[in-house]
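# Observations on the model geometry
Residues per chain are reported as follows:
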Amino acid sequence: MFKKSFLLILFVLFSISLYAQNNSYTIQYLKGNITDKTRAIKESTGSESDYLANRAIEYALENKELLGTDRDLDALVVAAVLSISDDYLKNSNDEEKVKFSEKLYNLYSNFEDSNTVEIAILTKLESIKDLLPIEKFVNNLNNKLKNENMNDMDPSFLKTTLSSLEKMGNTESFIILYYFYSADKYPKFEEEIEKTLITLSPNAVNEILGFIKEADSNQLKRIYSLTTKTQKLSKNNVCIIAENLLNRSILLMGDSSKILPEDIDLQITCLKILADNKWTRASDSVLSYFQITKSLYKINSIKDEDFTFVISSLSSITPLKAVSPLTSYLEELNGRKENGEEVSSSVILSLINTLGAIGDKAAFDSLLAVTYLSYEEAILSAARQALSGLRWQ
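First, a word on what this report is: a plain description of the structure on this page. What you see is a predicted model; the values in this text were computed from it and never measured.

Inspection of the secondary structure puts Lys-294 in helix H17 (residues 283-298). Lacking a salt bridge, the buried Lys-294 has Glu-332 as its closest oppositely charged neighbour, with an N-O distance of 4.4 Å. Polar contacts involving the side chain of Lys-294 include one to the side chain of Gln-291, which spans 3.3 Å. In this structure Lys-294 touches Phe-307, Tyr-329 and Glu-332, once residues within four positions along its chain are discounted.

This is how it looks when you write it as structure tokens:
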């Protein structure tokens, strides 16, 4: 009997000792001052670390008003927030996740006097954004950008804010930052703002299209720059944006004699995107642009290589509708040639090759007429080849 009692006592003492060892950091936390509590959280691991982190967050919320701005308390909060494990959140149910998110948001709101704490919370959120509801945090950041002057913000906090919005931002974040970007409101932060906009742009296509409708020529170029720097836009959205940029740029041209070379560059670049993707939805726009560039070419406001590209692009974007305007233009140039006027060889070749690529028999007469005129051999050969490739059925 004595032996059994002795063994039982040993077992209890061993269990108590083992419990104390396994929970040594919890004991250190409970008995210690704020610095001891912080050390206990840093040194603990696993479920004990998560438990202590939660205790510390509750402690901070309960005592913040009394302690006020306190570096030791800030350090405790930072250690607690950063030590929360992904597994802890993954194993929580939806209700628990909501409660933890609310607790974290209260912490963020109560410690607005500490950039260190705010940065720690935002940094943590970046890594757990898919595990918790984060709408309140994003809305808070959006409101800060709208209502505060970025030049007056702590540089580290501003950098973290933009980094967080890059990963967690919504369409409102995009709209706010785009207005700063387009108005060049914060030139010294342009690089960071642009980086955030580029990342957010795939989820803000409708907003981008809205901005295009109101944009001036310089803003169009900035929008194009943004959308081409992201690899995450779908081809479909890239084409939709390019089409809208082209249409808006054409609309802004007004008096074609005032067109700037950089405006032409943007139009040609957008046209290349549409041609490469055979974007037939833009057929009417591209046909209109062809007529405009004919006028521009006449007054030497567009380079030969750009104008010939406009012509060749028609076979990819609007093949059937393009036959009539292309043959009409070829007939016009044939008439000039017949009257002894100088005609661009590159333009004639582009017309012939484009009509040949389309292959519609309606081009027969204008192509045949080329072979009876005193064009150089390369043009005559191209016309014969185009004629041989026309489809008659």
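From this point, things continue past the structure.
What follows covers the packing of aromatic side chains. Following the criterion strictly, the structure yields 16 aromatic pairs and no others. Between Tyr-105 and Phe-137 the ring centres are 5.2 Å apart and the planes differ by 80°, which places this aromatic pair in the edge-to-face class. Within this pair, whereas Tyr-105 is found in helix H7 (residues 94-110), its partner Phe-137 is found in helix H9 (residues 135-147), the two being separated by 32 residues in sequence. We note that Tyr-105, like Phe-137, is buried. Between Tyr-186 and Phe-189, the aromatic rings sit 6.5 Å apart at their centres with planes inclined by 55°, giving tilted as the arrangement. Looking at Phe-189, the relative accessible area reads 14%, which means it is buried. Here the aromatic residues Phe-174, Tyr-178, Tyr-179 and Phe-211 are joined through ring pairs into a cluster of three or more. Looking at Lys-64, its charged tip hangs above the ring of Phe-111, at a distance of 4.4 Å from the centre. The positively charged end of Arg-222 is found above the aromatic ring belonging to Tyr-181, 4.0 Å away from the centroid.

Looking now at the pattern of salt bridges. The tally for this structure, following the rule as stated, stands at 16 salt bridges. A salt bridge links Asp-36 to Arg-39; the shortest N-O distance between them is 3.0 Å. With Asp-36 and Arg-39 both in helix H3 (residues 34-43), this residue pair falls three residues apart, about one helical turn.

It is worth spelling out helix H19 (residues 319-338) at this point. Here H19 is 20 residues long and its end C-alpha atoms lie 28 Å apart, about the 28 Å a rise of 1.5 Å per residue gives. Burial in H19 covers these residues: Ala-322, Val-323, Pro-325, Leu-326, Thr-327, Tyr-329, Leu-330, Leu-333 and Asn-334. Structurally, H19 contributes buried residues whose contacts are with H17, helix H18 (304-317), helix H20 (345-358) and helix H21 (364-371). Of the residues trailing H19, Gly-340 is marked for its positive phi of about 85°.

A word on empty space enclosed by the protein. According to the stated counting rule, one finds one cavity of 30 Å³ or more in the structure shown. In this structure, the largest cavity encloses a volume near 30 Å³. Along the walls of the largest cavity sit Phe-180, Tyr-181, Asp-184, Lys-185, Tyr-186, Pro-187, Glu-190 and Ile-193, which together make up its complete lining. Counting residues per element, the ones that place at least two in the lining of the largest cavity are helix H11 (171-182) and helix H12 (190-200). Split into classes, the residues belonging to the lining of the largest cavity amount to five nonpolar, no polar and three charged.

Turning next to the nonpolar core. Met-150 and Ile-193 are the most contacted members of the largest nonpolar core, which totals 124 residues. Aside from chain neighbours lying at most four places away, what touches Met-150 is Leu-145, Leu-158, Leu-162, Phe-180, Tyr-186, Phe-189 and Ile-193.

Residue placement: Thr-327 occurs in helix H19. Overall, the relative accessible area of 9% leaves Thr-327 in the buried class. Among the polar contacts made by the side chain of Thr-327, one reaches the main-chain carbonyl oxygen of Ser-324 at a distance of 2.9 Å. Beyond its immediate sequence surroundings of up to four residues, Thr-327 is in contact with Leu-355, Ala-362, Ala-363 and Ser-366.

Reading the values: the criteria
- Residues numbered from 1 in each chain as written.
- Predicted model: local features only at pLDDT ≥ 70, side-chain atom pairs only at ≥ 80, totals over all residues.
- Heavy atoms only, no water.
- Helix = DSSP H or I, 4+ residues; strand = E, 2+ residues; numbered from the N terminus.
- Buried < 20%, exposed > 50% of the residue type's maximum accessible area, 1.4 Å probe, protein only.
- Lys, Arg positive; Asp, Glu negative; His and termini not counted.
- Salt bridge = Lys/Arg side-chain N within 4 Å of Asp/Glu carboxyl O.
- Polar contact = N/O pair within 3.5 Å; in protein donor to acceptor, adjacent residues only side chain to side chain.
- Contact = heavy atoms within 4.5 Å.
- Phe/Tyr/Trp six-rings, centres within 6.5 Å; stacked < 30°, edge-to-face > 60°.
- Lys NZ or Arg CZ within 6 Å of the ring centre and 35° of its normal.
- Expected span 1.5 Å × (residues − 1).
- 1 Å grid on protein atoms, 1.4 Å probe; cavity = no way out; pocket = protein on both sides within 12 Å on 5 of 7 lines; lining within 4 Å.
- Points joined across faces, edges and corners; volume = space filled by probe spheres on them.
- Nonpolar A, V, L, I, M, F, W, Y, C, P; charged D, E, K, R; others polar.
- Core = buried A, V, L, I, M, F, W, Y, C linked by side-chain atoms within 4.5 Å.

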